[in-house]
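Here is what each chain is made of, one letter per residue.
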Amino acid sequence: MEIISYIQDKPRNRISFGNLNFGALETKFRKREKSAVKSVTYLPFTPELRNFSAHKVRKNISVQNFLRLLGHSLTEAGEFISSNIKILSLSFVLFCLLVSGLVTSGIIHNRIVNFTGPLVLEDGHTQLIENLDKLMEGFALGNVEIDDKGNLLDVETFPAQSLTQPVSFQTYKVRPGDTISGIAGKFGLRNISTLISVNDIGNVRQLAAGQKLKIPSIDGIIYTVKSGDSLSSVVSKYGCKLDDLLDVNELTSETLTKGQQLFIPGAALDASTLKNAMGELFRLPISAKFRWSSPYGTRIDPIANVKSFHTGTDMACPTGTPILAAMSGRVTTTGINRVYGNYVIIDHGNGYQTLYAHMSKIIASKGQWVSQGTRIGLVGTTGYSTGPHLHFTVYKNGKLVDPMSVLK
């Protein structure tokens, strides 16, 4: 120990002890140590050091190893479940109670928001409906009614029409409140097809005050000659007399030319063309998904449970669903009452009006002109209602019409 201590304390003064020369050995050791340190410091990527680098141990994947690992995992899961069965069961029960509570509260909230609950039918409700019917009768412009073929019904007092004289025309300026049937009756015409055909009217609802119309002296329609037409084929098609056709049009020749226009006396438009021109094909006022919940006509009142007459058709759908104008027209009334809640009435011209009831919100304003498909309100359950729906009523000349007969 004394020799080692002496060497450590005096590294530079080495002595020989027997055959051992500590100075020479230490010098050789230090040279070797210095060489090793230099190689590590300056040459870190030498081949000798790479031999000592660590590598990730990879294990071959096989079906056997996978099944062994799966079995081990299932065993551990089974042991965990069996050892914690009480806690897991309690947690599952609490989760189910939480979910059922949320669902129940959602149903209750939806019913509170969307349903008015049971209502008592009061005597005043009937009076309100009667008042609305009278209001609709006031909207029916013109007192002349027509049938499905366009014939005016009250024509007994009209003078007889002469088919031996050439047809003549006069001009009429449409006034506020005019209807196509009223104008026809004013000039002694028996069918509205005459004015529609002569003036090429695509939709009578678009008649506006100030518009000028050609009024023929007799009933009939305009026919444009096509290739291959002859007087005999035209007469056969419309069932008129050849002499009447010649006299009315002042024809001096039986030869027809393509594009020539003839006035066919006594003829009328076909039912499809007339219905299209009358704009009697209303669009559904709900474009979203809905359910027909109550039809037009006699039914058992869903609230009072007594037989009553349902004045329109009901379309059940969520509160807030947009309500669209079934046909273009002018909004004549927006209001609220105990029966219809928030409601809108649109006058479409030619005697047609529509009512939209139970709205949660009215969007259209009184006096506004709306096109077919314009948003006028939102579905709700205001007024005499058991749930969110649209009550849709159609009037023609102040009388109720089954909406399904005019909806397309």
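Residues numbered from 1 in each chain as written. Predicted model: local features only at pLDDT ≥ 70, side-chain atom pairs only at ≥ 80, totals over all residues. Heavy atoms only, no water.

Draft legend 1. Region of interest: the overall build of the protein. On a plain count of helices and strands, the protein comes out with eleven helices and 18 strands. When burial is assessed residue by residue, the protein has 35% of its 408 residues classed as buried. Partitioning the intrachain contacts of the protein with sequence separation of at least 6 by distance along the chain shows that 68% fall at a separation of at least 24. Summed over all atoms, the accessible surface of the protein reaches about 25,300 Å², with 57% contributed by carbon and sulfur. (Helix = DSSP H or I, 4+ residues; strand = E, 2+ residues; numbered from the N terminus. Buried < 20%, exposed > 50% of the residue type's maximum accessible area, 1.4 Å probe, protein only. Contact = heavy atoms within 4.5 Å. Areas by Shrake-Rupley, 256 points an atom, 1.4 Å probe, with all protein chains shown as cover.)

Draft legend 2. Molecular detail of the packing of aromatic side chains. Applying the stated rule across the entire model yields seven aromatic pairs. With 6.5 Å between their ring centres and 65° between their planes, Tyr340 and Tyr343 make a pair best called edge-to-face. Of the two residues, Tyr340 and Tyr343, neither departs from the other in class, the shared state being buried. Against the face of Phe169 rests Lys214, its NZ or CZ located 4.8 Å from the ring centre. (Phe/Tyr/Trp six-rings, centres within 6.5 Å; stacked < 30°, edge-to-face > 60°. Lys NZ or Arg CZ within 6 Å of the ring centre and 35° of its normal.)

Draft legend 3. Structural view of helix α10 (residues 242-249). Every buried residue belonging to α10 is among Asp244, Leu245, Leu246, Val248 and Asn249, and all of these are buried. Contacts made by the buried residues of α10 are with α9 (231-238) and β6 (261-265). Positive phi appears at Glu250, one or two residues downstream of α10, with a value of about 55°.

Draft legend 4. Structural detail: the side chain of Thr321. Looking at the element boundaries, Thr321 is found in the loop between β10 (313-316) and β11 (322-324). With near-sequence residues (within four places) excluded, Thr321 lies in contact with Ile286, Ala288, Gly377, Leu378 and Val379.

Draft legend 5. Broad picture of the pattern of salt bridges. As enumerated under the stated definition, the model contains one salt bridge in all. Residue Asp178 is joined to Lys186 by a salt bridge in which the shortest nitrogen-to-oxygen separation is 4.0 Å. For Asp178, a relative accessible area of 22% puts it in the partly exposed group. Its relative accessible area of 46% is what places Lys186 among the partly exposed residues. (Salt bridge = Lys/Arg side-chain N within 4 Å of Asp/Glu carboxyl O.)

Draft legend 6. Looking closely at the side chain of Ser197. Residue placement: Ser197 occurs in helix α8 (residues 193-198). For Ser197, a relative accessible area of 15% corresponds to the buried category. Those residues in contact with Ser197 that lie beyond four places of it in its chain are Ile221, Ile222 and Leu269.

Draft legend 7. How the structure looks around the nonpolar core. In this structure, Ile180, Ile192, Ile196, Ile264 and Met278 are the most contacted members of the largest nonpolar core, which totals 35 residues. Mapped by element, the contributors of at least two residues to this core are α7 (180-186), α8, β4 (212-216), β5 (220-224), α9, α10, β6 and α11 (271-277). Formed by 24 residues, the second largest nonpolar core is a distinct cluster that contains Val331, Ala364, Val370 and Val394. (Core = buried A, V, L, I, M, F, W, Y, C linked by side-chain atoms within 4.5 Å.)

Draft legend 8. Representation of the environment of Met278. By secondary structure assignment, the location of Met278 is in the loop between α11 and β7 (291-294). C-alpha of Met278 to C-alpha of Gln206: the two residues are 72 residues apart in sequence and 9.9 Å apart in space.

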